[in-house]
Structures are given as structure tokens and as C-alpha cells.
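Topology and contacts: notes
Spelled out, the chains give:
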Amino acid sequence: MSRSSSLLWLKTLINRQVLRTPGNNIITRAAGGEQQLGGKEARAAAKSPLLLLRSFAAAPRAMTPRIIDAIKQDHRELESYYDKIVNSNNPEEQTRFQNQFTWELARHAVAEELIVYPAFEKYLKDGNAMADKDRKEHQVVCISPTYTIICSDQR
Amino acid sequence: MTDVFQVKEQLAEFQDMKSSDPKFIVTIKSLMEDLAQHIKEEETHDLVRLEEALSARESEDLSRSFGRTKMFVPSRSHPNAPNKPPFETAIGLMTAPIDLVADTFRKWPDKTVNPNPSTK
């Protein structure tokens, strides 16, 4: 895949996600800060997701939380979805919040591995030990000379 | 830092369970036990130390990257995918579209805070 076509693919992917909005709520969380789009802006964004992407870029810095607050907010949401699941007697509602919980936790966990753990390694003296602890215990990633990725679970 | 891998593995089990499954609640409770431990350690120790080492600007940049990353990573748990960059990046990009297509056929809360990755 050429660079430009993979870029296009990524853009399409992001656009599709922007459009796939149950309940027609258009809420963006640009660069970590949340914004609810106004009527006019939301209508324009619904017509052209590219406009929404542009509004990401224009998001003011002041709206960006610190990393600890961004992560805490995710944690509070996960806890609230968990509460819904365990306190409900309605199987359908449980399924809905099961999906919501999964969606949030799967993305949160991977984003932490990609962004937060490397920051532990970079900024904290014993960060490397801290960040590598779980990974090392359970997984090994190696690349063969033919670049085939081999993963083995070493538990 | 608690065992994130274990959490991911439990999530992989939980995500495909029917809510009528007798093990449904037991499974999420056990997952949440580990997750709560991870949350506590992160919020009281790891992230506090990280914030001490970061300037406001660096912390905001990190949080911005975190938010953006969540837009394109898989929305279901794949515990056997590699868990360290750059491998997870590549594997993530491969599995994310499949998860996202499947997401459109799943049920979501009505007043959903919503499964649109652009919101988070």
C-alpha cells in the first residue's frame, strides 16, 4: 500500500467512525478536550466529516486535560458502565452496557500501552521496570528475518 | 502496575458472553476486581509520579495523543495481539476496522455516551 493510499484509508476510517453515531449525537472530543457541537456546526459536520476533522485541529489547547485527568475520566466511565451491568435485571440493558464497557476498556487498555507506558519509560527512572512488568510476564514479540510477527504467550 | 494482560484476557472472555449466561455477572465482577486494582495503582501512584515529571504542556500533549490513539485502535479485546509499539500499532490498525464494522451491529445504551470513537 502506498503512503498516500494508506493515508486515505486512515482518513476514511476516521470519517466512518465520526459518522457512525447512534442517536445522532455529534459530540467530539478533540485532542482530549470535549466539545458538544452547536446545531449549525453539527449539521455541517454531518454533511462533511472533513469539517469535523478540521474542528479537531482548531480545538483550543485550554480544553485539553492533563493525562492523569483524561485517564481518570475513562476510569469513572468504566465504573459507571460496570454499575449498570451488575445492578440491572434487564438482559437487554446489560448487553448494551456490556458492549459499551467493552468498547471503552479495549480502547483504553491499548491506548495506555501505546501512549502511557512508553511515557513511564521515558520520564520515570524506574519507569521501564514499571511499564515492562506486565508485558514481559506474559508475552513475547519477536520478528523473524522474513518480518513475520510471531507472538507467543509465555505464561 | 497491575496486570493489564489479565484484564484484556478477561475482557476477551466477557465481551462475547450472552447476558443470560449464568457466568455473566461472575465474569465481569472478577474482571472489575483486577481492573479496580489497576485503577487504584495508576491513580494513586504511577500517574501521580508521571505528572510530577511532566510539564503542563507535556502532560496535555500526552493526553491529546491518548485521545487520538483511542480513535483508531481496536474496540474489542485481542489479548494475543502484541502489546508494545510499534507492533501493537500495526496489529491494531489491522483489527480495528473489523471491530468497528461489527460494532455497528451491536446494541448500545440509548442515551449513549456513545460508541463513536471520536467522542473519546
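Every value quoted in this text rests on a predicted model; they were computed, and no experiment measured them. (Residues numbered from 1 in each chain as written. Chains lettered and ligands numbered in written order. Predicted model: local features only at pLDDT ≥ 70, side-chain atom pairs only at ≥ 80, totals over all residues.)

Remarks on the overall build of chain A
Scanning chain A for helices and strands turns up 6 helices and 4 strands. When the helices and strands of chain A are read in sequence order from the N terminus, they spell out α-β-β-α-α-α-α-α-β-β. Taken over 155 residues, chain A has a buried fraction of 32%. When contacts within chain A are restricted to residue pairs at least 6 apart in sequence, those whose partners lie at least 24 apart make up 39%. (Helix = DSSP H or I, 4+ residues; strand = E, 2+ residues; numbered from the N terminus. Buried ≥ 20, exposed ≤ 12 C-beta atoms within 10 Å, placed from the backbone. Contact = placed C-beta atoms within 7 Å.)

Topic: the packing of helix 5 (residues 91-123) of chain A against helix 2 (residues 24-53) of chain B
What describes two packed helices is the angle between their axes and the distance between those same axes. Look at helix 5 of chain A against helix 2 of chain B: their axes get within 10 Å of each other, and the N-to-C directions meet at 55°. Comparing the axis directions of helix 5 of chain A and helix 2 of chain B gives the class oblique. Relative to helix 2 of chain B, the crossing made by helix 5 of chain A is left-handed. Contacts between helix 5 of chain A and helix 2 of chain B pair Ala119(A), Phe120(A) and Tyr123(A) from the former with Asp46(B), Leu50(B) and Ala53(B) from the latter. A class-by-class count of the residues in the contact of helix 5 of chain A with helix 2 of chain B yields 5 nonpolar, no polar and 1 charged. (Axes fitted to C-alpha atoms, helices over the stretch in contact; angles between N-to-C directions. Parallel < 35°, antiparallel > 145°, perpendicular 65-115°, else oblique. Left-handed = near helix turned anticlockwise from the far one by under 90°. Nonpolar A, V, L, I, M, F, W, Y, C, P; charged D, E, K, R; others polar.)

Section: helix 5 of chain A
Residues and elements named next belong to chain A. In this model, helix 5 (33 residues) spans 45 Å end to end at C-alpha, consistent with the 48 Å of a helix rising 1.5 Å per residue. At Glu-112, helix 5 shows its maximal bend, which comes to roughly 40°. Of all 33 residues making up helix 5, 26 are buried, and the element is well covered by its neighbours. (Expected span 1.5 Å × (residues − 1). Bend = angle between axes of the 7 residues up to and from the residue.)

Quick notes on the nonpolar core
Of all hydrophobic cores here, the largest spans 39 residues; its most connected members are Ile67(A), Ile115(A), Val116(A), Leu31(B) and Phe66(B). Tallying contributions element by element places helix 5 of chain A first for this core, with 14 residues. Look past the residues within four positions of Ile115(A) in its chain and what remains in contact with it is Leu62(B), Ser65(B), Phe66(B) and Thr69(B). (Core = buried A, V, L, I, M, F, W, Y, C linked by C-beta atoms within 7 Å.)

Section: the environment of Ala119(A)
Take Ala119(A): it is sitting in helix 5. Given 23 C-beta atoms within 10 Å, Ala119(A) falls into the buried group. Setting aside its immediate chain neighbours within four residues, Ala119(A) contacts Leu50(B) and Leu62(B).

Details of the confidence of the model for chain B
One rule of thumb: low pLDDT means the predicted coordinates there are not for detailed reading. Residues and elements named next belong to chain B. Chain-level statistics for chain B give a pLDDT mean of 83 and a share of 79% at 70 or above. The least confident element of chain B, judged by mean pLDDT, is helix 4 (residues 87-103) at 70; the most confident is helix 2 at 95. Our summary of model confidence lists the complex with pTM equal to 0.64 and ipTM equal to 0.83. (pLDDT = per-residue confidence, 0-100.)

Here's the deal with helix 3 (residues 56-72) of chain B
With 17 residues, helix 3 of chain B should reach 24 Å at 1.5 Å per residue; the first-to-last C-alpha distance of 25 Å fits that figure. Among the residues making up helix 3 of chain B, those that are buried are Ser59(B), Glu60(B), Leu62(B), Ser63(B), Arg64(B), Phe66(B), Gly67(B), Lys70(B), Met71(B) and Phe72(B).

Describing the environment of Lys8(B)
Looking at the element boundaries, Lys8(B) is found in helix 1 (residues 4-15). Here the alpha-carbon distance between Lys8(B) and Asn80(B), two residues 72 residues apart in the chain, equals 9.2 Å. Residue contacts for Lys8(B): discarding those within four places in its chain leaves Ala109(A), Ser77(B) and Pro79(B).

Focus: the environment of Thr27(B)
Residues and elements named next belong to chain B. Checked against the element boundaries, Thr-27 lands in helix 2. Along the sequence, Thr-27 and Met-17 sit 10 residues apart, while their C-alpha atoms lie 9.2 Å from each other. Ignoring any residue separated from it by four or fewer positions in sequence, one finds Thr-27 in contact with Gln-10, Glu-13, Phe-14 and Met-17.

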